[in-house]
Amino acid sequence: MTTPKARSALDDIPVYRPGKAAASEDHKLSSNENPYDPLPGVMERAAVELGRINRYPDAGTTALYDALSAKFGLSPDHFAASTGSVAVLYALLNAHLEAGDEVIYAWRSFEAYPIAADLTGATTVRVPLRADATHDLEAMAAAVTDRTRVVLVCTPNNPTGPVVGAAELDRFLAAVPERVLVVVDEAYVEFVRDADAADGLAALAAHDNVVVLRTFSKAYGLAGLRVGYAIARPQVAEAIRKATPPFAITDLSQAAAVASLDAEAELAERVEAIVQERDAMVAALRDRGWELPDTQANFVWLPLGDDAMDFAAWCDPVSVRPFAGDGVRVSVGSSAVNAIFLDRAAAWRKEHA
């Protein structure tokens, strides 16, 4: 008996691997989750929707688009939402790529990029990060050919942490043909404190070929409800919406996202607390002899190379995210769990000095 074969494009595509489970949810520093409970008002407004889950969601995602419109000062047709910014990315690439096209991204960057890109049948072009774990936008611009349709720019970069500079992104956009869609992935933008960092919204205002990706999973703490969105010119946003399955955003998720937008003051306090913890982690690691890149996200990157997998096992009972042969990404958790990780990291340095 012969099992029907899937598309050949899947042959070399890995299955996405979630962060490793930990001794407890608090000890899980492998998935860049927010350690705080949902923002005030989120649980109450989401709970209202539980009483009507026998009904289909609002297919137009009206309340969320209206709330985003008010937040960013753009008409609702500039937005396209789906189940996390990664699902928006999948829809965007499906809408703009086909066999024979090329998509460029830095590497190492978000591990979903090669999966999403390869599924389209397009050719992926990986441009190595610089030695300091930053995007080499000059090399990425040089990699653009007549076949290039999309370029992905992750800032802050997941999993390494540095941002793209505003001046550097401006030069890059000036060098890239307007027919090429430049996706500025800002999943961690709320944690950025670098005054010279690129601003995806400013780039979008100046260039028709820019798309900005945002999410409610990180700073807003709605990872379990899966809400992300693109901000783009209306015709680009419409193409993404066309490639997105109907009813992708549930009314429960939409209500939680809108409630989160209404709690900006509390959000700012929580994000600042995470930033302070992040900076303390970086300082503590460097004091213990670790060399790591600057980070503007809610995680730190340890470039451990071939020791990545062994270090991840060493960190037990805290789970961290190893990337075999490259390094380990460690999310910012509660101060107590961060302290446990720092103790394990210090012990590793002592053992392997």
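Higher on the page you've got the structure.
The notes below deal with the structure included here. (Residues numbered from 1 in each chain as written. Predicted model: local features only at pLDDT ≥ 70, side-chain atom pairs only at ≥ 80, totals over all residues. Heavy atoms only, no water.)

Let's talk about the overall build of the chain
For step 1, the next point in the chain: Helix and strand counts for the chain come out as twelve helices and ten strands.
For step 2, the next point in the chain: Here the chain has a C-alpha radius of gyration of 20 Å; the compact-globule value for 353 residues is 20 Å, and the two agree.
For step 3, the next point in the chain: Over its C-alpha atoms, taken along the principal directions, the chain stretches across nearly 60 × 55 × 50 Å.
For step 4, the next point in the chain: When contacts within the chain are restricted to residue pairs at least 6 apart in sequence, long-range pairs at least 24 apart make up 72% of them.
For step 5, the next point in the chain: Total accessible area on the chain stands at roughly 15900 Å², and carbon and sulfur atoms take up 52% of it.
For step 6, the next point in the chain: Both charge centroids of the chain, one from 32 positive and one from 49 negative side chains, sit 4 Å from each other. (Helix = DSSP H or I, 4+ residues; strand = E, 2+ residues; numbered from the N terminus. Rg over C-alpha atoms; globule rule 2.2 N^0.38 Å. Contact = heavy atoms within 4.5 Å. Areas by Shrake-Rupley, 256 points an atom, 1.4 Å probe, with all protein chains shown as cover. Lys, Arg positive; Asp, Glu negative; His and termini not counted. Charge placed at Lys NZ, Arg CZ, Asp CG, Glu CD.)

A few points about the pattern of salt bridges
For step 1, the next point in the chain: Evaluated as defined, the whole model comprises 15 salt bridges.
For step 2, the next point in the chain: With its nearest N and O atoms 2.9 Å apart, the salt bridge here joins Arg 214 to Glu 186. Taken together, the positions of Arg 214 in strand β6 (residues 210–215) and Glu 186 in the loop between β5 (181–185) and α7 (200–206) put the pair 28 residues apart, joining distant regions of the chain. Side by side, Arg 214 and Glu 186 carry an identical accessibility label, which is buried.
For step 3, the next point in the chain: With a closest N to O distance of 2.7 Å, Arg 233 and Asp 208 form a salt bridge. Taken as a pair, Arg 233 in the loop between β7 (228–231) and α8 (234–242) and Asp 208 in the loop between α7 and β6 lie far apart in primary sequence, 25 residues in all.
For step 4, the next point in the chain: Look at Arg 233 and you get buried, because its relative accessible area is 17%.
For step 5, the next point in the chain: Each of Glu 49, Arg 52 and Asp 251 takes part in salt bridges that share partners, so that together they form one network. (Salt bridge = Lys/Arg side-chain N within 4 Å of Asp/Glu carboxyl O. Buried < 20%, exposed > 50% of the residue type's maximum accessible area, 1.4 Å probe, protein only.)

Examining the nonpolar core
For step 1, the next point in the chain: Core analysis: the largest hydrophobic core is formed by 80 residues, its most contacted members being Phe 172, Phe 216, Phe 311 and Phe 341.
For step 2, the next point in the chain: The element best represented in this core is helix α10 (residues 264–287), accounting for eight residues.
For step 3, the next point in the chain: Judged by nonpolar contacts, the second largest core, of 28 residues, contains Phe 110, Ala 116, Ala 122 and Val 236. (Core = buried A, V, L, I, M, F, W, Y, C linked by side-chain atoms within 4.5 Å.)

Concerning the side chain of Asn 157
For step 1, the next point in the chain: Position of Asn 157 among the secondary structure elements: in the loop between β4 (148–154) and α6 (166–175).
For step 2, the next point in the chain: Side-chain polar atoms of Asn 157 contact the side chain of Ser 109, separated by 2.6 Å.
For step 3, the next point in the chain: With residues near it in sequence (within four places) discarded, Asn 157 still touches Arg 108, Ser 109, Leu 129, Ala 133, His 135, Pro 162 and Phe 299. (Polar contact = N/O pair within 3.5 Å; in protein donor to acceptor, adjacent residues only side chain to side chain.)

Considering the sheet that holds β5
For step 1, the next point in the chain: Pairing is mixed across the open sheet formed by seven strands, whose spatial order is β1-β7-β6-β5-β4-β2-β3. Every other strand in the sheet has two partners, leaving β1 (79–82) and β3 (123–128) as the edge strands with one partner each. Adjacent strand axes in the sheet meet at a mean angle of 20° when their direction is disregarded.
For step 2, the next point in the chain: Where strand β2 (residues 102–107) meets β4, four bridges bridge the pair, whose relative direction is parallel. (Pairing = 2+ DSSP bridges. Axes fitted to C-alpha atoms, helices over the stretch in contact; angles between N-to-C directions.)

A closer look at the packing of α10 against helix α12 (residues 335–351)
For step 1, the next point in the chain: One way to put it is that α10 packs onto α12 with a least axis distance of 11 Å and a crossing angle of 15°. Relative to α12, the element α10 lies roughly parallel. Along this stretch, α10 crosses α12, giving a crossing that reads as right-handed. On α12, the residues touching Glu 277, Met 281, Ala 284 and Leu 285 of α10 are Ser 335, Asn 338, Phe 341, Leu 342 and Ala 345.
For step 2, the next point in the chain: Partitioned by chemical class, the residues of the contact of α10 with α12 number six nonpolar, two polar and one charged. (Parallel < 35°, antiparallel > 145°, perpendicular 65-115°, else oblique. Left-handed = near helix turned anticlockwise from the far one by under 90°. Nonpolar A, V, L, I, M, F, W, Y, C, P; charged D, E, K, R; others polar.)

A short note on the pairing of β1
For step 1, the next point in the chain: Going residue by residue along β1, you find Phe 79 and Ala 81 tucked away on one face and Ala 80 and Ser 82 tucked away on the opposite face as well.
For step 2, the next point in the chain: The pairing of β1 with β7 spans four bridges and is antiparallel. Residue Phe 79 lies in a different strand from β7, and its bridge partner there is Ile 231.

Details of unusual backbone geometry
For step 1, the next point in the chain: Note the cis peptide between Asn 158 and Pro 159, where omega equals 25°.
For step 2, the next point in the chain: With respect to the helices and strands, Pro 159 occurs in the loop between β4 and α6.
For step 3, the next point in the chain: Notably, Asn 32 is not glycine yet its phi reads approximately 55°, a positive angle.
For step 4, the next point in the chain: Here Asn 32 is to be found in the segment before α1 (42–50).
For step 5, the next point in the chain: A relative accessible area of 1% means that Asn 32 is categorised as buried.
For step 6, the next point in the chain: Its identity is not glycine, yet Phe 247 carries a phi of approximately 60°, on the positive side.

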